[in-house]
Amino acid sequence: MRNRVNPPPGSEVYGDSAYTDYTVEDDLEQTGQIALKVMRKKNSKRQDLPWNQYIKQHTRHYIETVFSNITSDFPKSIHACTFEGFLLKLQAFILAFTLQRAFI
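Residues numbered from 1 in each chain as written. Predicted model: local features only at pLDDT ≥ 70, side-chain atom pairs only at ≥ 80, totals over all residues. Heavy atoms only, no water.

Helix and strand content of the chain: 3 helices and 2 strands. Listed N to C, the secondary structure of the chain is β-α-β-α-α in terms of helices and strands. Since a compact globule built from 104 residues should have a radius of gyration of about 13 Å, the 18 Å found for the chain marks it as more spread out than a globular shape. Taken over the C-alpha atoms alone, the chain extends approximately 45 × 35 × 25 Å along its principal axes. Counting every position in the chain, which comprises 104 residues, the buried fraction comes to 14%. Contacts in the chain between residues at least 24 apart in sequence constitute 28% of all its contacts with a sequence separation of at least 6. Only carbon and sulfur atoms are counted for the fraction: they give 58% of the accessible area of the chain, which is about 8,900 Å². (Helix = DSSP H or I, 4+ residues; strand = E, 2+ residues; numbered from the N terminus. Rg over C-alpha atoms; globule rule 2.2 N^0.38 Å. Buried < 20%, exposed > 50% of the residue type's maximum accessible area, 1.4 Å probe, protein only. Contact = heavy atoms within 4.5 Å. Areas by Shrake-Rupley, 256 points an atom, 1.4 Å probe, with all protein chains shown as cover.)

Let us now look at the confidence of the model for the chain. Here the chain averages 81 in pLDDT, and 91% of its residues register 70 or above. Between the elements of the chain, mean pLDDT differs from a low of 78, seen in strand β1 (residues 12-15), to a high of 88, seen in helix α3 (residues 83-102). (pLDDT = per-residue confidence, 0-100.)

All right, on to a nonpolar patch on the surface then. Judged by side-chain polarity, Y14, Y54, I55, Y62, I63, V66 and F67 come together as a nonpolar surface patch covering roughly 730 Å² of accessible area. By residue number, the principal contributor to the nonpolar patch is helix α2 (residues 50-71), which donates 6 residues. (Patch = residues over 30% accessible without salt bridge, like charges linked within 9 Å, V, L, I, M, F, W, Y side chains within 5 Å. Salt bridge = Lys/Arg side-chain N within 4 Å of Asp/Glu carboxyl O.)

A few words now on the environment of D16. By secondary structure assignment, the location of D16 is in the loop between β1 and α1 (22-32). For D16, a relative accessible area of 39% puts it in the partly exposed group. On a C-alpha basis, the gap between D16 and R40 in space is 7.8 Å, while along the polypeptide they are 24 residues apart. Sequence-distant contacts of D16, that is, excluding residues within four places in its chain, are made with V38, M39 and R60.

The following block contains the structure:
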């Protein structure tokens with residue numbers, strides 16, 4: 001069984017422009033009190049105000065830069081026989097990245 005992350009009420013979850021299900025966005029806001037911050041496409045029915053668009057773009061750029069730095073040392077493929085083995089290798093890569101950055 002997969003572990004699920006349940007963000008606490010008042011959380012903000014950022015997504016890319018491929019995720020445009022307005023019903024889910026509204027349901028999360030009403031029932032879970034979770035704000036889904038999605039990058040809007042140009043032809044979106046719900047356009048963002050300019051300052052919201054800037055904040056989302058700035059946050060997304062920061063997250064993509066962090067992931068790019070972390071995954072730059074990863075191999076092109078990770079061979080694992082089980083999901084648990086895959087997670088273990090992934091944790092080892094992240095730990096190695098953290099130690100490398102801490103001592104440089």
